[in-house]
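# Coordinate inspection notes
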Amino acid sequence: MAGSVPTVSELFAAARRRYEQLFGGDAPLIAVCAPGRVNLIGEHTDYNQGFVLPMALPLVTVVVGSQTCGRDVTVVTATEDADEPHRVDFSLPADGAPLAPGLPRWANYVKGVIEHYRAPPVTGFRAVIASSVPMGGGLSSSASLEVAFYTFLQQLQPDDGDKVSKAVACQQAEHSHAGVPCGIMDQFVSVLGREGHALLIDCRSLEATPVPLADPGLIILITNSNVKHSLSGSEYPLRRRRCEEAASAMGKSSLRDATMKDLEEASDRMDEVTVRRARHVIEEIERTVQAAEALRRGEYKEFGRLMVESHNSLRDLYEVSCRELDELVSAALEVEGVYGSRMTGGGFGGCTVTLLQAGAIDRTILHIQERYSGTPTFYVTTPSEGARVLSLP
Ligand code: GLA
């Protein structure tokens, strides 16, 4: 019932075929991949230096390619996106001039990563991208492309940084070349994700604690609403700014350092919307720590309860949910055997994540299909490894 997704080997084979067709039969010498993610809890907390609990997905972006002699770069995407050209050609600036963002938009992630790579490439390359992460679906297709590309550049010309600085460089690429002031969660888990584990990431210290999540009696179901409202781009920076204003009104460097008592005391110095936004973040940070503890102890009911609280708070206080996501969550919660369900990612469309007993999967999918006014896509998923080099057969 859940949609079938191409495996890493199938994506790799498709990318290689495309590469050989385009570049005179030459086989690529490098192949890498990086995953998308789903966030189990801890939403809009990363840019407030709080905690998040995502896991890496089996959905990945694959990049294959080879170095060339000059400074010319050609990148082709085999991923369906009817609006934009599938190929981009540019030269690496010889004088250290910046690689400016432009069109097609997907190429900005590539340019941004080149720009922030710690050992700037000196020779050109050709590459083909293939991905199973749905574009704009809230599962971090952009972070998986950035991290896959960074991993590709590491094969061309090794850098000397650690994995955390790799994630930070990819986040900077998103800031400078895609214009999204995102937090660190997506890139971090795409680099450092662990098979069979969610990661409790402390977005202030940038340390992560793996939390086991491989109970065969448990299923993590992602439901894509297949809607994306135009607000998603403009509202994100506004939310971020409000949080910064709230923190500074309380004399804190971030909302991570604020308590509900601080908020109550400072509430007459903030407007009512800012108070609601800050309340979501302060409580969500606390919920995330509690949820990680519940998961560690196998208390799935408690984990599910916290997921629902998180969703309600995102809907009512942070106001980043939408009718479609609320419908999907309500439908899931009507099914016996479902522990919890919530929107995941930035909001205004994209996906929900649902935790349920393995035996309840068929009826859950059927019920959501019946109740949802749109056409959902389902992924039954497991926590997977972060970015990696693929061995060429
Ligand atoms: C997007 C951003 C992340 C995070 C989430 C909300 O996915 O890229 O950094 O802020 O939204 O939790």
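Residues numbered from 1 in each chain as written. Predicted model: local features only at pLDDT ≥ 70, side-chain atom pairs only at ≥ 80, totals over all residues. Heavy atoms only, no water.

An unreviewed UniProt entry lists the chain under the name Galactokinase, from Gymnodraco acuticeps. As stated in UniProt under Sequence similarities (unreviewed entry), the record for the chain gives "Belongs to the GHMP kinase family. GalK subfamily." (UniProt positions renumbered as here; feature names shortened; annotations may be inferred.)

### Considerations on the sheet that holds strand S10 (residues 338–344)
Each strand in a sheet pairs with another by means of backbone hydrogen bonds, the pair being arranged parallel or else antiparallel. Strand order in this open sheet of four strands is S10-S11-S9-S12, and the pairing throughout is antiparallel. A single partner strand is all that each edge strand has here, and the edge strands are S10 and strand S12 (377–381). Neighbour-to-neighbour, the strand axes of this sheet turn through a mean angle of 20 degrees, independent of strand direction. Contacts from helix H10 (residues 323–333) reach strand S9 (218–228), S10 and strand S11 (349–357), with the element oriented near 175 degrees to S10. (Pairing = 2+ DSSP bridges. Helix = DSSP H or I, 4+ residues; strand = E, 2+ residues; numbered from the N terminus. Axes fitted to C-alpha atoms, helices over the stretch in contact; angles between N-to-C directions. Contact = heavy atoms within 4.5 Å.)

### Concerning the nonpolar core
Counting residues in hydrophobic clusters, the biggest one holds 53 residues, and the most contacted among them are Leu40, Leu53, Leu139, Leu255 and Phe303. Looking at this core element by element, the count peaks at eight residues for helix H8 (residues 272–296). Dropping the residues within four chain positions of it, Leu139 is found in contact with Gly36, Arg37, Val38, Leu57, Leu59, Val133, Pro134, Ile222, Cys351 and Tyr379. One finds Val73, Val88, Ala167 and Val189 within the second-largest nonpolar core, a separate group that totals 44 residues. (Core = buried A, V, L, I, M, F, W, Y, C linked by side-chain atoms within 4.5 Å. Buried < 20%, exposed > 50% of the residue type's maximum accessible area, 1.4 Å probe, protein only.)

### Quick look at the state of the cysteines
Per the counting criterion, the structure on display carries zero disulfides. Distance from the sulfur of Cys203, which forms no disulfide, to the nearest cysteine sulfur (Cys182) is 11 Å. Left without a disulfide partner, Cys351 is nearest to the cysteine sulfur of Cys322, which lies 11 Å away. (Disulfide = S-S within 2.5 Å.)

### Quick look at the sheet that holds strand S6 (residues 125–131)
Strand order in this open sheet of six strands is S5-S4-S6-S3-S1-S13, and the pairing throughout is mixed. Every other strand in the sheet has two partners, leaving strand S5 (87–91) and strand S13 (388–389) as the edge strands with one partner each. Here five bridges tie strand S4 (residues 72–77) to S6, and the two strands are oriented parallel to one another. Residue pairing in the sheet places Val73 in a bridge with Phe125 of S6. Packed on one face of the sheet, helix H2 (residues 106–116) meets S4, S5 and S6 and runs near 30 degrees to S5. Along the sheet, helix H5 (residues 185–192) contacts strand S1 (30–39) and strand S3 (54–67); its crossing angle with S1, the most-contacted strand, is approximately 130 degrees.

### Describing the site of the ligand
Within the structure, the ligand sits among Arg37, Glu43, His44, Asp46, Tyr47, Cys182, Gly183, Met185, Asp186, Tyr236, Gly345 and Gly346. A distance of 2.7 Å is found between an oxygen atom of the ligand and a side-chain nitrogen or oxygen belonging to Glu43. At 2.6 Å, a side-chain N or O of Asp186 approaches an oxygen atom of the ligand. Taken together, the residues that form the shell around the ligand break down as four nonpolar, four polar and four charged. (Near = heavy atom within 4 Å. Polar contact = N/O pair within 3.5 Å; in protein donor to acceptor, adjacent residues only side chain to side chain. Nonpolar A, V, L, I, M, F, W, Y, C, P; charged D, E, K, R; others polar.)

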